[in-house]
Amino acid sequence: MRTWRRAFVAVLASLGLMAGAVLTAPSAAAQSPQELRAAAAAIQEVTADDGLLTPCVDLVARVVAVSSPRALQRLADNGDAGAQALMGSALEFGVSGFNYDEAQAARYYERAAIQGNVLAQYNLGGMYFDGRGVVQDYGLATSWRELAAEQGDRMAMRILGYQYMAGHGVGRDYQLARGYLEPAAALGDGPAALMLGAIYEEGLGVAPDLRRAVAYYRLASDLGEPDGQAALSRLAK
């Protein structure tokens, strides 16, 4: 992690953002050791190398199905980063027996994100970008997404690439956009490949290069993006 990002996380921790909050979710009364172990094992299983490909609410449901909402909350309140990330999702969407509460969701995400949880970093970035549960802050949104991208998360890479390509919440910078989109495409992200095709076809920050544009459009098509095949057909005329 870059030095300034370590400092960023350290400052957040020093401000007390890891402190707990009063919940509107189900009571976190004592659970059996078996229930807590089941929840912990399920959290580890559903978050291992998922790459944010499974909807968060489905991950929460899978954990609660083998334990309980109370067990998930208990682990989160005891500092388990994976549980905190899933608690954030449960509260963000109001699923699996938890009340909808975006402010509480952001607090759980922040606690997990400070510990380096990539799911929480990505989702917290989205909340800051949209101003959901927190005061809108494009700078914090970008910082959290960058932390997730540095851990190899292709969804974070893709959205950062789009931000810099479109100048959405950041200054437009095609070089930075390519810097995020290229590794995302290499990891199998179809939309990232599609955007790279457009960059090389239109010469956005680079000299137009139809050969590379076609290669990226073909990759996007192979990855299931119908617009990739449409672009190939258009260029073949």
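The paragraphs below set out a description of the structure included in this document. Just so you know, the residues in each chain are numbered from 1, in the order the chain's sequence is written. Two thresholds apply to this predicted model, a pLDDT of at least 70 for residue-level local features and 80 or more for giving and counting side-chain atom pairs, whereas whole-chain, interface and lining totals are computed over all residues. Side-chain measures here rest on the full set of heavy atoms in the structure, leaving out hydrogens and waters.

In this structure, Ser96 is a non-glycine residue whose phi angle is positive, near 55 degrees. Numbering of helices and strands starts at the N terminus; helices are DSSP runs of H or I of at least 4 residues and strands are runs of E of at least 2. Counting through the fold element by element, Ser96 comes out in the loop between α5 (81–93) and α6 (102–114).

This next bit is on the side chain of Thr142. Its location among the elements puts Thr142 in helix α8 (residues 138–150). Here's how the labels work: a residue is buried when its accessible area is under 20% of the maximum for its type, exposed when over 50%, partly exposed in between, all with a 1.4 Å probe on protein chains only. Overall, the relative accessible area of 6% leaves Thr142 in the buried class. Residues within four places of Thr142 in sequence aside, it is in contact with Leu160, Gln163, Tyr164 and Val170. Should any heavy atoms of two residues lie within 4.5 Å, those residues are considered in contact.

With that settled, the discussion passes to the packing of aromatic side chains. Pairs were defined over the aromatic rings of Phe, Tyr and Trp, the Trp ring being its six-membered one, requiring ring centres within 6.5 Å. Orientation was assigned from the angle between planes: stacked under 30 degrees, edge-to-face over 60, tilted for the rest. Within the structure shown, the criterion is met by three aromatic pairs. Here Tyr164 and Tyr180 contribute two aromatic rings whose centre-to-centre distance is 6.1 Å and whose plane-to-plane angle is 5 degrees, an arrangement assigned as stacked. You can see Tyr164 sitting in helix α9 (residues 154–166) and its partner Tyr180 sitting in helix α10 (residues 174–186), a full 16 residues away along the chain. Judged by relative accessible area, which is 10%, Tyr164 ranks as buried. With a relative accessible area of 15%, Tyr180 lands in the buried category.

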